[in-house]
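For reference, the chains in residue letters:
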Amino acid sequence: QCLLQPQNVGRCRPIFEKAKQFGMPLPESSGELSSQCGYNAMESAMSAIAMLPAPARAEGTDAGVTVETMDGCSVGFVGLIAAQAPGCLDPCKPAVCTAVGSAIGAYMRRRNVDDVKQAVCANQAP
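Along each chain, residues carry numbers from 1 onward, in the same order as the chain's sequence is written. Side-chain atom pairs in this predicted model are given and counted only at pLDDT of 80 or more, local residue features only at pLDDT of at least 70, and totals for whole chains, interfaces and linings cover all residues. Neither water nor hydrogens contribute to the side-chain values; these are computed over all heavy atoms in the structure.

Caption draft 1: Representation of the overall build of the chain in the model. What the chain contains, in helices and strands, is six helices and zero strands. Only runs of H or I of at least four residues qualify as helices and only runs of E of at least two qualify as strands under DSSP, and these elements are numbered from the N terminus. Along its sequence from the N terminus, the chain presents helices and strands in the succession α-α-α-α-α-α. Three exposure classes are used, based on accessible area relative to the maximum for each residue type with a 1.4 Å probe and protein chains only: buried under 20%, partly exposed in between, and exposed over 50%. When each of the 126 residues of the chain is scored for burial, the buried share is 31%. In what follows, a contact means two residues having at least one pair of non-hydrogen atoms within 4.5 Å. A separation threshold of at least 6 residues defines the contact pool for the chain, and within that pool the share at least 24 residues apart is 63%. Accessibility throughout is a Shrake-Rupley quantity obtained with a 1.4 Å probe, and a residue counts as covered only by protein chains that appear here. As displayed, the chain offers around 8000 Å² of accessible surface, 58% of which is attributable to carbon and sulfur atoms.

Caption draft 2: Geometry of the nonpolar core. With 26 residues, the main nonpolar core has Leu3, Cys88, Leu89 and Val96 as its most contacted residues. When contributions to this core are tallied by element, the ones reaching two or more residues are helix 1 (6-21), helix 4 (76-84), helix 5 (95-110) and helix 6 (113-122). Broken down by element, the residue count for this core peaks at seven residues, all from helix 5. If sequence neighbours within four positions are ignored, Leu89 has contacts with Leu3, Cys73, Val78, Ala82, Val96 and Val100. Working definition of a nonpolar core: buried Ala, Val, Leu, Ile, Met, Phe, Trp, Tyr and Cys residues. They are joined through side-chain atoms within 4.5 Å.

Caption draft 3: Up close: the state of the cysteines. Any two cysteine sulfur atoms lying within 2.5 Å of each other are counted as a disulfide. All chains considered together, the criterion is met by four disulfides. Here Cys73 connects covalently by a disulfide to Cys97, the sulfurs 1.9 Å from one another. Torsion about the S-S bond of the Cys73 and Cys97 cystine: about -110°, corresponding to left-handed handedness. Of this pair, Cys73 sits in the loop between helix 3 (41-51) and helix 4 while Cys97 is found in helix 5, placing the two residues 24 residues apart along the sequence. Owing to a relative accessible area of 3%, Cys73 belongs among the buried residues under this scheme. Judged by its relative accessible area of 8%, Cys97 falls in the buried class.

Caption draft 4: Highlighting a nonpolar patch on the surface. Nonpolar side chains (Val, Leu, Ile, Met, Phe, Trp, Tyr) within 5 Å and like charges within 9 Å form the patches, drawn only from residues with over 30% relative accessible area and no salt bridge. Each salt bridge in this description consists of a side-chain nitrogen of Lys or Arg and a carboxyl oxygen of Asp or Glu lying within 4 Å of one another. On the surface, a nonpolar cluster with roughly 300 Å² of combined accessible area is contributed by Phe77, Leu80 and Met108. Position of Met108 among the secondary structure elements: in helix 5.

Caption draft 5: The arrangement of the environment of Val120 in detail. One can find Val120 in helix 6. Looking at Val120, the relative accessible area reads 18%, which means it is buried. Through-space distance from the C-alpha of Val120 to that of Ala106 is 9.4 Å; in sequence the pair is 14 residues apart. Leaving out residues up to four positions away in the same chain, Val120 has contacts with Leu26, Pro27, Leu33, Gln36 and Ala103.

What follows is the structure in structure tokens.
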């Protein structure tokens, strides 16, 4: 839902267009998402929260050395997608990183559009 907010959807348009090229039309509005998934937003939101990893705890620094951690939106396939639409995922971090990774993983397992739709519908909140 976060990526589909009017203030965010424009920055994400390149991702939606690329997905269409692969035969995976992603919803580009909350209405399309509800239509694709059936309206059960509360259950989906609760599922998404339950699947989120626990937040990482920051480690202290030694001798003035700062340790930076990369978020899930900066690496792997999610990072490649994020680079196609700079700023798209930022307003919805960190939850969206997991959701996008889940959709990519669903596609990579069987190259099946229905698997991607299930992954998107199971994790609608971000």
